[in-house]
Every structure is written in C-alpha cells, then in structure tokens.
Amino acid sequence: MCFLEKIKRIFFIIISSILFCYFGISLWSVKKNYDYIDYIPYNTFGVVLGTSKYLHGGGINVYFKYRMDAVLFLFHHKKIRYIIVSGDNIDKNYNEPNMMKNELIKKGISSHFIYEDFYGINTLHSIFRVYKIFNQKKFTIISQKFHNERAIFIGNCLGLDVIGFNAKSLSFDSKMHIREILSRIKVLWDIFLITLRR
C-alpha cells in the first residue's frame, strides 16, 4: 500500500469515527428528548446546564436566555417542581449557577424551589453530581437540543433515567457545532475511563 493510500485510509477512519460519535449520540437520545410541553413526562427535578449570561464581547448570551425561558415554561406548566442550576464557578466574578438562580428569581420563581450546584464544571460533572450529591436518578435536563443529546447519553451510561427538554437554539452556529463535535468525542473517552474504574 502506497503512502497516499495509507493517508486516505487514516483520514477515512478519522472522519467515520467523528460521524459515528456525533450521529450515534443523537440517535441514542431521540426518544428521550422533547420539544413540546404536552408530551414531556413530569419529573420532580429539572436540571439546567450552565452557560454564561453574557457574551465575551458584551451583550446577553441567547443560549442562557433560551434556557431560562425553557425552565420557566416547564415550571409553570408543572412539569417539574424543583430546579437544580448546575454550572461552573471558577472565581467570584464568574458564577454560572448564581447567574441562573438570580435570573429565575427575577422572573418570579421562589428561591425555595432552586438548588445550586457550583461544581458542574462540565456536562459530565453536572449529570454525575445530580446523582451523587442530590441523590436523583430520574430528572429532566434543560438545555439546547445538541447539548441535551450528549447529556442524555451520559446519564444513560451512568444508569440514570433522564430525559431532555429542548430550549430554543440558534438556527446555525458553526462555532458551537465544532465545539459539540469535539465534546462528543471527549465524552466517549470519559465514559470509557469511568467504565474501566468500576
């Protein structure tokens, strides 16, 4: 086999693996991800995955806004009773759970219904900590569809009974899609390492 053929074969394997990671995770969660309030089952806890309220260049992050809107929608339609806001808390000036909690309180949800997880530094940690710290095996994840797909996959691999409610998303965000592809490759590796430790 010539050198060029080897390169082509390696390239094909890499692309196939990426496509398998991306679309495989999407297919895994297709029956557990909901767009419409009428069809989603009730869960006691809803878990909002963290993101910053503000963009780096200034202005409101629409991913944050849409997630908060989705939480309010679920809460007011009595599809969840309590809310866990889970995100990063790297320093006193950046606190995703606090930003989300304050926003929900401002929109009328009492703080008695909101719990904060300050160590949800990534999606895997957020899902795992809901199980380990809050003792929940059955809950609703709230984020954008692409994010929910990965979170549901993680939850199922951990033996949890999770579903997702899809917040509104941007029609196309190339930067976010590239980031998601890399995140899905990484999560397969992380799950593999967790399985080895068991």
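Note: the structure precedes this text.
Residues numbered from 1 in each chain as written. Predicted model: local features only at pLDDT ≥ 70, side-chain atom pairs only at ≥ 80, totals over all residues. Heavy atoms only, no water.

Q: Sorry, what's going on with the overall build of the protein here?
A: Regarding its fold elements, the protein presents six helices and six strands. Put simply, the protein runs from its N terminus to its C terminus through helices and strands in the order α-β-β-α-β-α-β-α-β-α-β-α. Counting every position in the protein, which comprises 198 residues, the buried fraction comes to 45%. Expressed as a percentage of contacts within the protein between residues at least 6 apart in sequence, the contacts between residues at least 24 apart total 70%. Taken as a whole, the protein presents about 11600 Å² of accessible surface, with 62% of it coming from carbon and sulfur. (Helix = DSSP H or I, 4+ residues; strand = E, 2+ residues; numbered from the N terminus. Buried < 20%, exposed > 50% of the residue type's maximum accessible area, 1.4 Å probe, protein only. Contact = heavy atoms within 4.5 Å. Areas by Shrake-Rupley, 256 points an atom, 1.4 Å probe, with all protein chains shown as cover.)

Q: Explanation requested: the sheet that holds strand β6 (residues 161–167) in the structure shown.
A: Two modes of strand pairing occur in sheets, parallel and antiparallel, and in both the strands are linked by backbone hydrogen bonds. Spatial strand order, β1-β6-β5-β2-β3-β4: six strands in an open sheet with parallel pairing. The strands lining the two open edges of the sheet, one partner per strand, are β1 (33–34) and β4 (114–117). Bridge count for strand β5 (residues 138–144) against β6 is seven bridges, and the pairing is parallel. By the bridge assignment for β6, Ile142 is matched with Phe165. Together, β2 (45–49), β3 (82–86), β4 and β5 form the strand contacts of helix α4 (residues 123–132), whose direction differs from that of β2 by roughly 160°. (Pairing = 2+ DSSP bridges. Axes fitted to C-alpha atoms, helices over the stretch in contact; angles between N-to-C directions.)

Q: Which parts of the structure should I look at to understand the nonpolar core?
A: Soluble globular proteins: nonpolar side chains tend toward being buried together. In terms of nonpolar packing, the biggest core is built from 24 residues, with Val48, Ile83 and Leu104 touching the most fellow members. At the level of elements, α2 (62–76), β3, α3 (96–106) and β6 are the ones that each hand at least two residues to this core. In contact with Leu104, other than residues within four places in its own chain, are Met68, Val71, Leu72, Ile83, Val85, Ile109 and Ile114. Residues Val130, Ile141, Ile152 and Leu160 belong to the second largest nonpolar core, which totals 20 residues. (Core = buried A, V, L, I, M, F, W, Y, C linked by side-chain atoms within 4.5 Å.)

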